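Each chain, written out:
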Amino acid sequence: MTLFEYLSVLVSIVLSFGIVRLLDGVPFALARERRYMIHGAWVGLTLWLHVHVWWVLWSYSGSVAWNYPRFLIVLADPLLLYSLAITLVPRDPATVESWRDRFYELRVRFFLVLASWMFVVALANWLVLEQPLLSRFRLGHVAFIGLCLVGALSRRPRVQGVLVFVTAAMVVLFVSSTFFEPAALLR
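About the criteria used
- Sequence order as written defines residue numbering, which begins from 1 separately in each chain.
- Selection of residues for local features in this predicted model requires a pLDDT of at least 70, selection of side-chain atom pairs for listing and counting requires 80 or more, and totals for whole chains, interfaces and linings are taken over all residues.
- By convention in this description, side-chain values take in all heavy atoms of the structure and omit both hydrogens and water.
- Centres within 6.5 Å make a pair out of two Phe, Tyr or Trp rings, where for Trp the six-membered ring is used; the pair is then stacked when the planes are under 30 degrees apart, edge-to-face when over 60, and tilted otherwise.
- Counting from the N terminus, the helices are the DSSP runs of H or I reaching at least four residues and the strands are the DSSP runs of E reaching at least two.
- Space inside and on the surface of the protein is sampled on a 1 Å grid over the protein atoms alone, with a cavity defined as a set of points where a 1.4 Å probe fits but cannot get out and a pocket as an open set with protein on both sides within 12 Å along at least 5 of 7 lines; lining residues have an atom within 4 Å of a point.
- Grid points are joined across faces, edges and corners, and a volume is the space filled by probe spheres set on the points.
- Polar here means any residue outside two lists: the nonpolar Ala, Val, Leu, Ile, Met, Phe, Trp, Tyr, Cys and Pro, and the charged Asp, Glu, Lys and Arg; Gly therefore counts as polar.
- Buried Ala, Val, Leu, Ile, Met, Phe, Trp, Tyr and Cys residues form a nonpolar core when they are joined through side-chain atoms within 4.5 Å.
- Each residue's exposure class comes from its accessible area (1.4 Å probe, protein chains only) as a fraction of the maximum for that residue type: buried when under 20%, exposed when over 50%, partly exposed otherwise.
- Residue contacts follow a heavy-atom distance rule, with two residues in contact if any of their heavy atoms lie within 4.5 Å.
- Should a side-chain nitrogen of Lys or Arg be within 4 Å of a carboxyl oxygen of Asp or Glu, the pair is scored as a salt bridge.

J.: Run through the packing of aromatic side chains, naming residues and quoting values.
T.: Going through the model one piece at a time under the given rule, you end up with 11 aromatic pairs. When the ring of F4 is compared with that of W58, the centres are 5.9 Å apart and the planes differ by 85°; the resulting orientation is edge-to-face. A residue pair is termed long-range when its members are at least 10 positions apart, and F4 in helix α1 (residues 3-29) and W58 in the loop between α2 (37-56) and α3 (68-88) qualify at 54 residues. An aromatic cluster of three or more residues is present, and its members are Y36, W42, F103, Y104, F110 and F111.

J.: Go over empty space enclosed by the protein with me, naming the residues and quoting the values.
T.: For the structure on display, the rule yields one cavity of 30 Å³ or more. The space that makes up the largest cavity amounts to roughly 30 Å³. Every residue lining the largest cavity is listed: H39, T87, L88, R102, F103, L106 and F110. Where the lining of the largest cavity is concerned, the elements lending two or more residues are α3 and α4 (99-127). Looking at the lining of the largest cavity element by element, the count peaks at four residues for α4. Here the lining of the largest cavity is built from residues that sort into four nonpolar, two polar and one charged.

J.: Please give an account of the nonpolar core that cites residues and values.
T.: Counting residues in each nonpolar core, the largest one holds 51 residues, and the members touching the most others are W42, Y60, W66, F111, L114 and W117. Of all the secondary-structure elements, those providing two or more residues to this core are α1, α2, α3, α4, α5 (136-153) and α6 (157-178). In this view, Y60 contacts F4, W66, V74, A124, N125, V128 and L129; residues no more than four positions away in its chain are not counted.

J.: Break down the pattern of salt bridges for me, with residues and values.
T.: Applying the stated rule across the entire model yields one salt bridge. Ionic pairing is found between E130 and R70, a salt bridge with its closest N-O pair at 3.1 Å. Linking E130 in the loop between α4 and α5 with R70 in helix α3, this pair joins segments that are 60 residues apart in sequence.

Here you go:
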């Protein structure tokens, strides 16, 4: 077993906890009488991010000189995604009366954790994958964090709807750049 394989086990376990939490909440979040489509879209997008992070984990399998700080940076990624999952879906999702109310109650926390996650992604790309600080991905990281700050500040449903759509489009563009080859992040 290589060091990467050993370290990736914990990352995979944390990602699986987030995926399970989100999947447990999907039937409740999409129940006709209580659903809020913006919240449901964030649940779906966060689930997709979990899967994508697991896929991109392979980009760390190459020539990374592993040490404890690098491992902690990489581990922070799924830990923050798990925080997003537990923010979106509580332990007992059947008790949520209105997903709309829940989303707006927790939106500041959600968007600050999401912005923190993107910051950690950028940090990992720079310090672990050794991408140049002025990489083509950096502009996307900054734009994503900016969108998160708008989301944290705005209670307007129209703004929230646009944000989830634009964020999903950004994720699709990023995922398409690494879809077939996770090592594409190294270029």
